[in-house]
Amino acid sequence: GNEYEEQGHKCLGEALEPNINPNNSRNITFTRYRERGNIPEKIYEIDPVSFAVHLTIIQSELYINLHPSVLLSPAADKSGAEMIENRYNKMILFVVHEILKFKSNKERAKVITYFIIIAHNLLELNNFHSVTEIIGGLSHFLVDRLQRAWKYVNTNQKEAFQCLTAVCSPLKGFEKLRILENLAEVPMLQSFSVLSHDIFMINEQNETIGLGDCLNMENLVVLGNSIRKFRSTKFTPYPFIPDSPMYEYLSNIPTYEESELEAMCTRK
């Protein structure tokens, strides 16, 4: 059906306006599968709001467990950061798998559309990190080359995907994504890619101590802003109570290899 096509989308020009209200998350309702039985077998039959909410809950927990020392020292314990990066890569390939596991181009198109809607929902929730995960999966070369499937995706949803892809672009130091993050209020989840980019630029490319042993105040200000934003993310949780089946489902997504996904892509 057209239920996903009719939900609409927010294009880049609108998304850049300062109208993202994190308090809306308190009024969001979503399907609780412990009250309805098992999670649907076909992913596009899962409530996309519930999907986005639970991705946000899980990512928020990972951020809460990430020690601020990762922002201060290259020698700090990186285990928390590695968990976030591993989850990021795992989620991208999960999106690819869920699209490729269907043989029908029409069903593949339904899954593509479904994930576009989830990415939009995540943007509404100020969960910028998970937006980049979903768009990373949709932009993966194994999905990009499914031209026959993309033909069945509604034009409006294709435009929404293009806008979201532009938002997540790493060009100019993630300029567009950074604009959205600066406009957003808590609760919010920064993109770890943006955070890692800033820390790399400060710790690796620009030393804090400048010429003549003078402090590089510009870099210290950038570092201070990163720490302040990170702390506000850690200590302002989302007001969601998780639904056990959805939480377990998204916490335990399988690990896939690109080689097996490429075999699925060529399957007739």
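Residues numbered from 1 in each chain as written. Predicted model: local features only at pLDDT ≥ 70, side-chain atom pairs only at ≥ 80, totals over all residues. Heavy atoms only, no water.

(A) Geometry of the overall build of the protein chain. Scanning the protein chain from terminus to terminus reveals 13 helices and 0 strands. When the helices and strands of the protein chain are listed from N to C terminus, the series reads α-α-α-α-α-α-α-α-α-α-α-α-α. Restricting the contact set of the protein chain to residue pairs at least 6 apart, pairs at least 24 apart contribute 78%. (Helix = DSSP H or I, 4+ residues; strand = E, 2+ residues; numbered from the N terminus. Contact = heavy atoms within 4.5 Å.)

(B) Region of the structure containing the side chain of Glu181. Tracing the backbone shows Glu181 in helix α9 (residues 171–183). If near-sequence neighbours (up to four positions away) are discounted, Glu181 is found in contact with Phe128, Met188, Gln190, Ser191, Val194 and Lys229.

(C) Examining the confidence of the model for the protein chain more closely. Mean pLDDT over the protein chain works out to 81, with 75% of the residues at or above the 70 mark. Between residues 1–22, whose pLDDT stays under 50, and residues either more than four places distant or in other chains, the model counts 47 contacts. (pLDDT = per-residue confidence, 0-100.)

(D) Layout of the packing of aromatic side chains. One pass over the structure, following the stated rule, counts 8 aromatic pairs. Both rings, one in Tyr63 and one in Phe192, keep their centres 6.4 Å apart while their planes meet at 65 degrees; by these two values the pair is edge-to-face. In this pair, Tyr63 is assigned in helix α2 (residues 48–64) and Phe192 in helix α10 (residues 192–205), connecting sequence segments 129 residues apart. One exposure class covers both Tyr63 and Phe192, and it is buried. When the centroid spacing of 5.1 Å and the interplanar angle of 40 degrees are considered together, the rings of Trp150 and Phe161 count as tilted. Here Trp150, found in helix α7 (residues 147–150), pairs with Phe161, found in helix α8 (residues 155–167); they are 11 residues apart in sequence, far enough to count as distant. In this pair, the class of Trp150 matches that of Phe161, namely buried. Taken together, the aromatic side chains of Phe51, Tyr114 and Phe115 make up a single cluster linked through ring pairs. (Phe/Tyr/Trp six-rings, centres within 6.5 Å; stacked < 30°, edge-to-face > 60°. Buried < 20%, exposed > 50% of the residue type's maximum accessible area, 1.4 Å probe, protein only.)

(E) Quick peek at the pattern of salt bridges. For the structure shown, the criterion picks out 3 salt bridges. The shortest N-O distance in the salt bridge between Glu107 and Lys42 comes to 3.2 Å. Here Glu107, found in helix α4 (residues 105–124), pairs with Lys42, found in the loop between α1 (12–15) and α2; they are 65 residues apart in sequence, far enough to count as distant. On the basis of relative accessible area, Lys42 is assigned to the partly exposed category, the value being 31%. In this structure, Glu262 and Arg145 form a salt bridge, with 3.5 Å as the shortest nitrogen-oxygen distance. Separated by 117 residues along the polypeptide, Glu262 in helix α13 (residues 258–265) and Arg145 in the loop between α6 (141–144) and α7 bring together distant segments of the chain. (Salt bridge = Lys/Arg side-chain N within 4 Å of Asp/Glu carboxyl O.)

(F) Seen up close, the environment of Ile116. Structurally, the position occupied by Ile116 is in helix α4. Once the C-alpha coordinates of Ile116 and Leu164 are considered, the two residues, 48 residues apart in sequence, prove to be 8.5 Å apart. With residues near it in sequence (within four places) discarded, Ile116 still touches Leu138, Val153, Gln157, Ala160, Phe161 and Leu164.

(G) Structural context of the environment of Gly137. Here Gly137 lies in helix α5 (residues 128–138). The exposure class of Gly137 is buried, given its relative accessible area of 0%. Residues Gly137 and Val96 lie 41 residues apart in sequence; the distance between their C-alpha atoms is 5.5 Å.

(H) Inspection of the environment of Tyr63 at higher detail. For Tyr63, a relative accessible area of 1% corresponds to the buried category. As a C-alpha pair, Tyr63 and Leu189 span 126 residues in sequence and 8.1 Å in three-dimensional space. Excluding residues within four positions of it along the chain, Tyr63 makes contact with Ile84, His129, Leu189, Gln190, Ser191, Phe192, Phe230, Thr233 and Lys234.

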